[in-house]
Amino acid sequence: MINKFIRYNQLNCNHQFKRFTSRFTSGPRPINVQFSDGTVMKIECDKYGLFADGSAVGTIGGTSVSVTAVSVKNLSKPTPFVPLMVNYQQKAASVARIPTNFLRRDRGTTEHEILTGRLIDRSIRPFFPAGYNYETQVVCKLVASDRVNGPDVAAINAASAALHFSDIPWNGPIGAVRIATKDDQIVINPNRQEIDESDFNIVVTSDRNKSVLMLEGLANCVTPLKHVYKAIECGVEENLRIIDALDKAKEDHPIAKRSIEKYFLASPELVDSVKMLSENRFHDILSNSDHDKVSRGIEINELSEKIIRELAESSPDVEQSLVSQAIIQIEKQIFHQILRQRQRRFDARSFTDLRDIECEVDLFKPLHGSSIFRRGQTRVMSSLTLDSIETSLKTDAITALTGGPSEKNFFLHYEFPSYATGETGSVGSYGRREIGHGALAERALRPAIPEDFPFALRLDCEVLESNGSSSMASVCAGSLALMDGGIPVNHATAGVAMGLIYDPVGSEDENYIVLTDIMGLEDFLGEMDFKMAGNENGLTSIIVDVKLSSGLPLKVVKKALEQGLDANVRILDIMSKTIKEPRQEKKDNWPVSESIEVPPHRRSRLFTAGNKVMKKLSADLGARLTQDEQDPNKFILYAPNRTSFDEALETVNQLISMDDYEKKLEFKAIYNAQVVDVVDSGVKVVLHPGMDPAFIPNRELELRPIKHPSAIGVTVGSEIFVKYFGRDPVSGQMRLSRRAVQAVDPLRKDLLNNRKD
């Protein structure tokens, strides 16, 4: 037994060594892609991770991302979808930093890493062959960052190269590029500063046929459709340079794809059997517009279970998972047939009709703002919270250094509880989907938020019922809640999801049907999920996921943009009937934030040892006092409402107000002061009982230089005459001088000897 084990490992090691040696000696050379603006992206294949099925390093500027791809060769358990896992990690070492956690290791997954991983996943997933259900893992690591160029585009292209130059079945390559627009100017792969200064930027992933596979764009202001479409066209053209470079390198170093023992595909015979058992019934269910999501789902589930039972009896060797796949295939075919024949959808809508929409605001009085947006059987409740600017969301240092925001005073959290679909599940947990949908809705609404808004804003969007397009419903609900809360938004924002029906048979103009405002089943059986948000003037955010392996032609993208903009205009019109603009009168529970001046010499009364005053203000009144970043001489006093603010302001004024005795002090007048403390560098004195001690340095104690107050016989409790020169304009400290008294009248023995009158 031991000898067999040793022999197996020897054979396995020999196989790995031969594979490693082959890739090491004949691997592709570095690939340089030059874009139309002269900038260069570098891709190096099979440089690191040679035991992986494929590896590559993508570099833009000084930012490099390492990608490895591994796919198992044995299918242990078939799944209905491609079991693809994409993990993106930004390492602290890439920005020359040491992690600040206890173990000083890279730990956990940040929101920025999840969003970047989803971006890569959605770009490469459509090109895996149908039925290839072998577990595949793509690991992307940021190994170096110049803090100027973002890593996401380099990661997508490195993933494309790693899969293209591997034996994993994959129908690439693809190319990805980020395009930014400023007015009518185009910037290819913009750096961080150019993105911040742009009107709109979008990541475009496409193939050699100029078909779009994935889009993800966001705006700093509402961007007209013509600029968005121009950016997409430019991105598709630039991607051809990447694809051509990868194809040329593949010709020089050909790599054969592995032979697959079995693809997870239902046989034509099985599909025909399922069709005979279900075609008429599926046609009746899908053509009945009286059904809603629940009733239609019950009918489809009952039919599916019946088919599985009957086929299990007649053909017990057939895998149940393949039967389920055949059922979905037939359901999809009939769905397409009904739409084309009737030119109507499940619920009798035309291709461009919206579902019924209802809006409601001011749901709960204690909230700063609240709303419900219902579209068909999708309902989202949004609540707005305003708080001190100090509660703004701070991201981790590594995310900030690698291109993400360091701080956000507006953020949106999306919740999709299990009860929204009538199921049970964990409560309070957030997955990659929730983070992705929340980021999309947040990006859609951010251009409407005033830049100088003095509070931190949080929108909590909870899906109460879901039948498709809950993320875009969150955009609409969030916009309503902002206006209900009296936030002076630049404009109202709406969002809609577009779908696609594709039939390869027929004329080119007829085989693509774009659907407006898709339901959940239309998303499941359709070919794309095209989410876009904005107003009547253009877009603020867009995300497109494509299920077609052939991608989307540009004309279909253009049609979807135009159809979606028209839908958003109609949605905004419906929303305006509930609330047209932000409330002018603020609610009673609106927080208050005002700038106040605190004299430097009084700050110690507010910011005491242990910060007791500030803690008491926060505990009793919910108030906070923070220094103004724009003017260090001013402070921002925040309170959750006007009543609390007035009380907090009164407390602060009492602490910083000028004492009565100080109002009577005259400039250059001579006063009797009592010494309360003696230190090496001088003495502390008081002119009146209860006042804060004022410091007099040694140079102001005597006409001649002294090194210690004891040299002139001054001790604690001594009384000396000093001249008052007001307060220092910078530090605010009281300026007193005994030397000035001596300089005026050095012959007065009673003053020099510190005698009492």
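Residues numbered from 1 in each chain as written. Predicted model: local features only at pLDDT ≥ 70, side-chain atom pairs only at ≥ 80, totals over all residues. Heavy atoms only, no water.

1. Description of the pairing of strand β23 (residues 624-627)
Point 1. In the sheet, β23 pairs with strand β24 (residues 634-639) via four bridges, with the strands oriented antiparallel. Within β24, the position partnered with Leu-625 by the bridge is Leu-637.
Point 2. What sits between β23 and β24 in their antiparallel hairpin is a turn of six residues. (Pairing = 2+ DSSP bridges. Helix = DSSP H or I, 4+ residues; strand = E, 2+ residues; numbered from the N terminus.)

2. Some details on the packing of aromatic side chains
Point 1. The full count for this structure, using the stated rule, is 13 aromatic pairs.
Point 2. A centroid spacing of 6.0 Å and a plane angle of 55 degrees characterise the contact between Phe-127 and Trp-170, whose relative ring orientation is tilted. Of this pair, Phe-127 sits in the loop between α2 (111-124) and β6 (136-144) while Trp-170 sits in the loop between α3 (152-164) and β7 (175-182); the two residues are 43 residues apart in sequence, bridging distant segments of the chain.
Point 3. Since its relative accessible area comes to 5%, Phe-127 is described here as buried.
Point 4. By relative accessible area, Trp-170 is classed as buried at 5%.
Point 5. Seen in terms of ring centroids, Phe-455 and Tyr-638 are 6.1 Å apart; in terms of plane orientation they differ by 70 degrees. Their pairing is edge-to-face. Here Tyr-638 lies in strand β24 and Phe-455 lies in the loop between α10 (432-445) and β17 (456-465), a separation of 183 residues in the sequence.
Point 6. Clustering of aromatic rings is evident, with ring pairs tying together Phe-128, Tyr-132, Tyr-134 and Tyr-263.
Point 7. Directly above the ring of Phe-416 sits Arg-433, whose terminal nitrogen or CZ lies 4.3 Å from the centroid. (Phe/Tyr/Trp six-rings, centres within 6.5 Å; stacked < 30°, edge-to-face > 60°. Buried < 20%, exposed > 50% of the residue type's maximum accessible area, 1.4 Å probe, protein only. Lys NZ or Arg CZ within 6 Å of the ring centre and 35° of its normal.)

3. A short note on the sheet that holds strand β18 (residues 494-502)
Point 1. Strand order in this open sheet of eight strands is β8-β7-β9-β10-β21-β20-β18-β19, and the pairing throughout is antiparallel. Strands with a single pairing partner mark the edges of an open sheet, and in this sheet they are β8 (185-188) and β19 (512-516). Strand-to-strand, the axes of this sheet are offset by a mean angle of 20 degrees, without reference to chain direction.
Point 2. Where β18 meets β19, five bridges bridge the pair, whose relative direction is antiparallel. (Axes fitted to C-alpha atoms, helices over the stretch in contact; angles between N-to-C directions.)

4. Examining the environment of Phe-373
Point 1. Assignment of secondary structure puts Phe-373 in strand β12 (residues 369-375).
Point 2. In this structure Phe-373 comes out as buried when scored by relative accessible area, which is 0%.
Point 3. The spatial distance from the C-alpha of Phe-373 to the C-alpha of Glu-360 is 6.7 Å, given a sequence separation of 13 residues.
Point 4. Sequence-distant contacts of Phe-373, that is, excluding residues within four places in its chain, are made with Ile-357, Glu-358, Cys-359, Thr-378, Arg-379, Val-380, Ala-473, Cys-476, Ala-477, Leu-480, Ile-571 and Met-575. (Contact = heavy atoms within 4.5 Å.)

5. Digging into the sheet that holds β24
The strands making up a sheet associate through hydrogen bonds between their backbones, and the pairing can be parallel or antiparallel.
Point 1. The sheet built from three strands is open, its strands ordered β22-β24-β23 with antiparallel pairing. The strands lining the two open edges of the sheet, one partner per strand, are β22 (592-597) and β23. Shown here is a sheet whose adjacent strand axes are inclined to one another by a mean of 25 degrees, direction ignored.
Point 2. The pairing of β22 with β24 spans six bridges and is antiparallel. In the strand pairing of β24, Val-592 is matched with Ala-639.

6. Re unusual backbone geometry
Excluding glycine, most residues fall at negative phi; most peptide bonds, likewise, are trans.
Point 1. A cis amide bond, omega 10 degrees, links Gly-172 with the succeeding residue Pro-173.
Point 2. The topology assignment puts Pro-173 in the loop between α3 and β7.
Point 3. Phi at Asp-46 is positive, roughly 55 degrees, even though this residue is not glycine.
Point 4. Within the secondary structure, Asp-46 sits in the loop between β2 (40-45) and β3 (54-60).
Point 5. Backbone geometry at Ser-469 places phi at a positive 60 degrees, although glycine is not the residue there.
Point 6. Counting through the fold element by element, Ser-469 comes out in the loop between β17 and α11 (470-484).
Point 7. We classify Ser-469 as buried; its relative accessible area is 12%.

7. Remarks on helix α15 (residues 612-621)
Given 3.6 residues to a turn, an α-helix orients residues that are three or four positions apart in the same direction.
Point 1. Those residues of α15 that fall on the buried side of the exposure criterion are Val-613, Met-614, Leu-617 and Leu-621. Along the axis of α15, the buried residues cluster in a sector spanning 100 degrees; they form a single face. Facing away from the buried side of α15, by more than 90 degrees, are the exposed residues Lys-612, Lys-615, Lys-616 and Ala-619.
Point 2. Where α15 is buried, its residues meet α14 (603-606), β23 and α16 (642-656).
Point 3. Looking one or two places after α15, you find Gly-622, whose phi comes out positive at around 70 degrees. (Arc of directions from axis to C-beta.)

8. Some details on the environment of Val-592
Point 1. Checked against the element boundaries, Val-592 lands in strand β22.
Point 2. Taking the relative accessible area as the measure of exposure, Val-592 reaches 9% and is therefore buried.
Point 3. A C-alpha to C-alpha distance of 32 Å links Val-592 and Asp-728, two positions 136 residues apart in sequence.
Point 4. Residues in contact with Val-592, not counting those within four places in the same chain, are Phe-455, Leu-637, Tyr-638, Ala-639, Asn-641, Arg-642 and Phe-645.

9. Here we look at the state of the cysteines
Think of a disulfide as a covalent bridge from one cysteine sulfur atom to another cysteine sulfur atom.
Point 1. A complete count under the given rule lists zero disulfides for this structure.
Point 2. Unpaired in this structure, Cys-45 has its nearest cysteine sulfur neighbour in Cys-140, at a distance of 14 Å.
Point 3. Classification of Cys-45 as buried rests on a relative accessible area of 4%. (Disulfide = S-S within 2.5 Å.)

10. Observations regarding the side chain of Asp-460
Point 1. With respect to the element layout, Asp-460 can be found in strand β17.
Point 2. Classification of Asp-460 by relative accessible area gives buried; the value is 12%.
Point 3. Residues within four places of Asp-460 in sequence aside, it is in contact with Met-381, Ser-382, Ser-383, His-413 and Glu-415.

11. Some points on a nonpolar patch on the surface
Point 1. Together, Phe-81, Ile-328 and Phe-524 give the surface a local cluster of nonpolar side chains, amounting to about 300 Å² of exposed area.
Point 2. Note that Phe-524 resides in helix α12 (residues 520-525). (Patch = residues over 30% accessible without salt bridge, like charges linked within 9 Å, V, L, I, M, F, W, Y side chains within 5 Å. Areas by Shrake-Rupley, 256 points an atom, 1.4 Å probe, with all protein chains shown as cover. Salt bridge = Lys/Arg side-chain N within 4 Å of Asp/Glu carboxyl O.)

12. Brief notes about helix α8 (residues 320-342)
Point 1. Compared with an ideal rise of 1.5 Å per residue, which puts 23 residues at 33 Å, α8 spans 33 Å between its outermost C-alpha atoms and is within 8% of the ideal.
Point 2. Taken together, the buried positions of α8 are occupied by Leu-322, Val-323, Gln-325, Ala-326, Ile-327, Ile-330, Glu-331, Ile-334, Phe-335, His-336, Ile-338 and Leu-339.
Point 3. Close packing links the buried residues of α8 with α6 (268-287), α7 (293-314), β18, β19 and α12.
Point 4. One or two steps after α8, the chain reaches Gln-343, where phi turns positive at roughly 55 degrees. (Expected span 1.5 Å × (residues − 1).)

13. Overview of the packing of α7 against α8
Point 1. Between α7 and α8, whose axes approach to 10 Å, the crossing angle comes to 135 degrees. Our classification of the angle between α7 and α8 gives oblique. The handedness of the crossing between α7 and α8 is right-handed. Contacts from Ile-300, Ser-304, Ile-307, Ile-308 and Leu-311 of α7 reach α8 at Gln-320, Val-323, Ser-324, Ile-327 and Glu-331.
Point 2. Grouping the constituent residues of the contact of α7 with α8 by class yields six nonpolar, three polar and one charged. (Parallel < 35°, antiparallel > 145°, perpendicular 65-115°, else oblique. Left-handed = near helix turned anticlockwise from the far one by under 90°. Nonpolar A, V, L, I, M, F, W, Y, C, P; charged D, E, K, R; others polar.)

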